[in-house]
Amino acid sequence: MVNKKIAVSGPSITSKEIEYVSDAVKNAWYEDANIYNDRFERAFADYIGVKYAVSLPSCTSAIHLSLLAMGVGAGDEVIVPDITWIATSAPLKYVGADPVFADIDRDSWCLSADSFESRITSKTKAVIPVDLYGNIPDMDSIIQIARKHNLYVIEDAAEAIGSEYKGKKAGAFGDVGVFSFHGSKTMTTGEGGMLVTDDENIWRKVLYNRDHARKPGDKLFYNQEVGYKYKMSSLQAALGLAQLERIDELVQQKREIFSWYQAYLKDTPYICLNSSSLEVKNTYWMVTAVVNPELEMEKEQLMRLLDQHNISSRPFFYPLSSLPAYEFESSKFNYREYNEVSYSISPIAVNLPSGLNLTRDDVKYVCDTLKVILKTRSLNNRLPRRCNDE
Ligand SMILES: *Cc1c(COP(=O)(O)O)cnc(C)c1O
C-alpha cells in the first residue's frame, strides 16, 4: 500500500514555466502588455497548423464565441455527442439554441457519424464532435456529412492537444477548433482556453465579441453592441507558452503512461482500455478502463474500492441526456434507447490515474490493485470472455 494518494490528473511544471511567468509578472505591462499573449497565440496556431489562434479564459468561452460568430441562436439545433463534459453543450443555452444528443462509436467512444447523420433536422445549424480522452472520431465521415447538410463544425479538442488523425492535428478539422488549459488537461495555464480557425471572418467576429464589441479602429469606449469580456491574462499566456514549448515531451509522457498500463494489463480479461486505430495518434488524456460487463461491476463501486487503496479515479462521463440539467430536453426523445452505446458503456467505465507526475511503479500498483479487486468478481473462478473478443 502506498501512502500518498495517487491523483487522477495533473500537470508537469518545470523551472521554464516559473521563469516565463516571473518574467511576465515583472515585464508584461505598458507597451509590452500583450507580448506573451501574442507569442502564445502565434506559436499555438503554428503548432496546430492553422492561420489564427485566440487565447481565452476557458474552452467554454471558446465554444460560446464560436456559436456567436456562426450566428447560432434561438430555435437552432446543435448536435453534440451524448458522452462528453457538459462544457461542450452548456454554451448552447447561453445563445438560446437546443442541444440534440447523438450516440458515440463503440470503439473510439467519440461521436458516431451514423448517429450524427440520423439526428439532423431542418433546424440543425452545427455539430460539435469531441476528441474524447485524446481520441479522434471518424472525421472524414463527420466533415463530409456536415458539408452535405451545410452545418458548421466546432471541433472540441479540449482533451486532445497533440493527437492526430491521418497526420493532421486535433483542432484543425472544423470551422473552428477549441482547447482547454484547465489544470487537469495535458497542457495547462491554470484556467484557460484557445480558439483556432482558418476563417478570417470568424476570427474577426471572435475578437470583436470577446472584448465588449469594440470595432477595431473605432473611437475609444464607443461600443456598437453589448458584448462579452473573455480575455486571457498575460501571466496565463506566459505559462501556456512555456508548456507549449514542451508539448512534444508532455504528449510523449502521456503516451508512455498509457503504454505502462497496457503492458501491466495486457493479459487481463477483466477490462478493456482506450482503443487506437491506425488513422489516429491518440494522446490518451485519460487512461480509461471499461470493466467486462460479465463482472457486473458498476463504476461507482469500482471507484469506491480504488479509493480505499488510495487511488483516485473518475467516472466515465454520464450521458448528458441522463443529467438533471437536461431533463427537459430529454423528455422530448427516447435517448436511452437511441444512444444505446453511450448508455451501455457509461455505467461500467472509469478514468484511471493519468497525471503527468505518475511513475511506472504507481501504474504497476494501480494495475495490481485493479486485478485483485476484479478477480473477486469472477463467478465460480470462471474467466469471463475478453471484452474485445467476438
Ligand atoms: C475540459 C473540457 C472542456 C472545458 O474546458 P474549460 O476550459 O474548463 O472551459 C470542454 N470540453 C471538453 C471535452 C473538456 O474535457
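Above this note sits the structure.
Treat the numbers as computed from the prediction; the structure is a model and nothing was measured.

The rules we used
Residues numbered from 1 in each chain as written. Predicted model: local features only at pLDDT ≥ 70, side-chain atom pairs only at ≥ 80, totals over all residues. Heavy atoms only, no water. Near = heavy atom within 4 Å. Polar contact = N/O pair within 3.5 Å; in protein donor to acceptor, adjacent residues only side chain to side chain. Areas by Shrake-Rupley, 256 points an atom, 1.4 Å probe, with all protein chains shown as cover. Nonpolar A, V, L, I, M, F, W, Y, C, P; charged D, E, K, R; others polar. Patch = residues over 30% accessible without salt bridge, like charges linked within 9 Å, V, L, I, M, F, W, Y side chains within 5 Å. Salt bridge = Lys/Arg side-chain N within 4 Å of Asp/Glu carboxyl O. Helix = DSSP H or I, 4+ residues; strand = E, 2+ residues; numbered from the N terminus. Disulfide = S-S within 2.5 Å. Buried < 20%, exposed > 50% of the residue type's maximum accessible area, 1.4 Å probe, protein only. Pairing = 2+ DSSP bridges. Axes fitted to C-alpha atoms, helices over the stretch in contact; angles between N-to-C directions.

**Looking at the site of the ligand**
Surrounding the ligand, one finds 14 residues, the nearest of these being Thr60, Asp156, Glu159, Ser180 and Lys185. In the environment of the ligand, an oxygen atom lies 2.5 Å from a nitrogen or oxygen atom belonging to the side chain of Thr60. The separation between a nitrogen atom of the ligand and a polar side-chain atom of Asp156 is 2.8 Å. Within the complex, 92% of the 380 Å² of free accessible area of the ligand lies under protein. For the shell around the ligand, the class distribution of residues is five nonpolar, six polar and three charged.

**Some remarks on a nonpolar patch on the surface**
A contiguous nonpolar surface patch, about 470 Å² in accessible area, is contributed by Val25, Trp29, Tyr30 and Leu235. Mapped onto the elements, Val25 comes out in helix 1 (residues 15–27).

**Overview of the state of the cysteines**
All told, the structure shown has zero disulfides when counted by the stated rule. A disulfide-free cysteine, Cys59 has its sulfur positioned 15 Å from the sulfur of Cys110, the nearest such atom. Taking the relative accessible area as the measure of exposure, Cys59 reaches 7% and is therefore buried.

**Concerning the sheet that holds strand 5 (residues 152–156)**
Strand order across the open sheet formed by seven strands is 1-9-8-5-4-2-3, with mixed pairing between neighbours. The open sheet has two edge strands with one neighbour each: strand 1 (52–56) and strand 3 (98–102). For this sheet, the mean inter-axis angle between neighbouring strands, taken without regard to orientation, is 25°. Bridging between strand 1 and strand 9 (residues 193–197) involves five bridges; their strand directions are antiparallel.

**Looking at the pattern of salt bridges**
Applying the stated criterion across every chain yields a total of 16 salt bridges. In this structure, Lys4 and Asp362 form a salt bridge, with 3.8 Å as the shortest nitrogen-oxygen distance. Of this pair, Lys4 sits in the segment before helix 1 while Asp362 sits in helix 14 (residues 360–375), placing them 358 residues apart in sequence. Take Asp362: its relative accessible area is 9%, and that puts it in the buried class. Because the salt bridges share partners, they merge into one network encompassing Glu17, Arg246 and Glu249.

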